[in-house]
Structures are given as structure tokens and as C-alpha cells.
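A closer look at the structure
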Amino acid sequence: KTSFLLCVANNLCQRGIKVLMLSTEMSCDSLYDRISKIGSEHESNFDEFHKEFENYNFVVCDMFQPEIESVRKALEEVKPDVLIFDHIQHIGSGNLNEVKTISDFTRGLKNLSMVYNCAVMVASQLNRPQQAINFKSGETMYSKPSLSNLKGCGTIEEESAFVLLLYPNGSNLDGPNTPLITAELVKNRFGANIVVDFVFNKPISKFKEFTN
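Notes on the structure follow. What you are looking at is a predicted structure, and each value in this text was computed from that prediction instead of being measured.

With that settled, consider the sheet that holds strand β4 (residues 119–122). The strand order across the open sheet formed by four strands is β2-β1-β3-β4, and the pairing between neighbours is parallel. Of all the strands in the sheet, just β2 (58–62) and β4 have a single pairing partner and so form its edges. Taken pair by pair, the neighbouring strands of this sheet meet at an average axis angle of 15 degrees, ignoring direction. In terms of strand pairing, strand β3 (residues 82–86) meets β4 through four bridges, oriented parallel. From the neighbouring strand, V82 faces β4, where its bridge partner is A119. Contacts between helix α1 (residues 2–14) and the sheet are confined to β1 (19–23), β2, β3 and β4, with β1 contributing the most and set at about 165 degrees to the helix.

Have a look at this one:
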């Protein structure tokens, strides 16, 4: 999910859009290393990407168990066009009710989106879908996730205009380092739901749309 978010951030920054990324599990240096791989693809292109990156309007902040006030302060300082939050299960609160904590935080993000006039993209872990072992190949197989897998994640489904589910579809393009990942838009308040397959290049953490 982090690699997918960074691909989105990279594409937005290439278009001159100001992005603030708040990470609850990776350091700023780790995120920079990851986006450098995505942007350059090969070590020989790193210097070229670094020059391009200097023109990016991309701000990263690593926060350990942030509360909504910390997010508000970051938005007030940076004033981004897009906020990317990774991920909502790592937020801070003294409340023992995790579902209520996530619900309150989600509503808080939605309110901040309106106050600061920015789009908000939030990553969430799903309740783990059922899995099974293919005894011939030894690979782990996962059942297809659905909106119901978000039911234990507060009010993310209810508060969101769009919900995109990412999951492996069980196929590889050129081997285990290039699995095919399905991105399914299962909620869209403004249009049709769609399904797109991506090739995930693990060594450089990059997604590319798969075309037959």
C-alpha cells in the first residue's frame, strides 16, 4: 500500500500538485529512498530523477501514533493540495475502542479536508480475508476482498467518496518479482466502479497499468 501511495504522490508531483504525506510507520529517509526508486527506475537515472525531484512540491512527515490535532497543524503549515495518510490503524488515542477511535479520526480528516480545501487519501488495512494454501505450488491464496472487509475499520466506508481495494490476483507477469495486483474501485459517489490490473515491480516498488 505504501508503494502504491508513493506512486500516486510521484504522479501528482510531476503534474505540479502539492502533496503532503504523513507516514505512521516509515521514516522520511525510507520514503525518500522508495520514491527515488519509483521515479528513477534504474540507478543510472538517479541523478536525473534527483534534479526533477528538486522541483517536486512534496512534503513528508513521519508521525508515531498521531492525533488529529497533529494532522491539523501539519496542514496549517504546509497547505497542500493533497494529503496522503499512511495508515489509519496507527493513529494515537487513549480510547480503548479502536473502531470508535478510527471513526472519530476519519471524520476529523473529512472535516480538515473541507477546512483546508485539500483532497485526502487514506490507507487502511483490511480485515484479513480468508486464506488457503495451494498444495501444488505452496503459494498462499487469498479470497477476494470486498467492502465488508472494512466493517471493522470504523466509518471509513461511510465517510469516503471513493474506496479502492488492492489485492493480488494470483498471477505474475515475468516471475515472483512482478506480481499482478488488482485495483478495484468498489465505491464511487460520482461515477461508475471500475477494475484495473497493475504490474507491481517489487525491486523498484513501482506500479504500472497492465495491458494485454
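Here we come to the packing of helix α4 (residues 68–78) against helix α5 (residues 98–115). The geometry of α4 relative to α5 is characterised by a closest axis approach of 10 Å and an angle of 20 degrees between their N-to-C directions. It follows that α4 is roughly parallel to α5 by the angle criterion. Note on packing geometry: the crossing formed by α4 with α5 is right-handed. Counting all contacts with α4, which are made through I68, V71, R72 and L75, the residues of α5 involved are F105, G108, L109 and L112.

So, about the environment of P80. Residue placement: P80 occurs in the loop between α4 and β3. Separated by 22 residues in the primary sequence, P80 and F58 have C-alpha atoms spaced 8.8 Å apart. The contacts of P80, once residues within four sequence positions are left out, are K18, V19, L20, L75 and C118.

Cut-offs applied
Residues numbered from 1 in each chain as written. Predicted model: local features only at pLDDT ≥ 70, side-chain atom pairs only at ≥ 80, totals over all residues. Heavy atoms only, no water. Pairing = 2+ DSSP bridges. Helix = DSSP H or I, 4+ residues; strand = E, 2+ residues; numbered from the N terminus. Axes fitted to C-alpha atoms, helices over the stretch in contact; angles between N-to-C directions. Contact = heavy atoms within 4.5 Å. Parallel < 35°, antiparallel > 145°, perpendicular 65-115°, else oblique. Left-handed = near helix turned anticlockwise from the far one by under 90°.

Take it as geometry only, folks, not as evidence of what the structure does.
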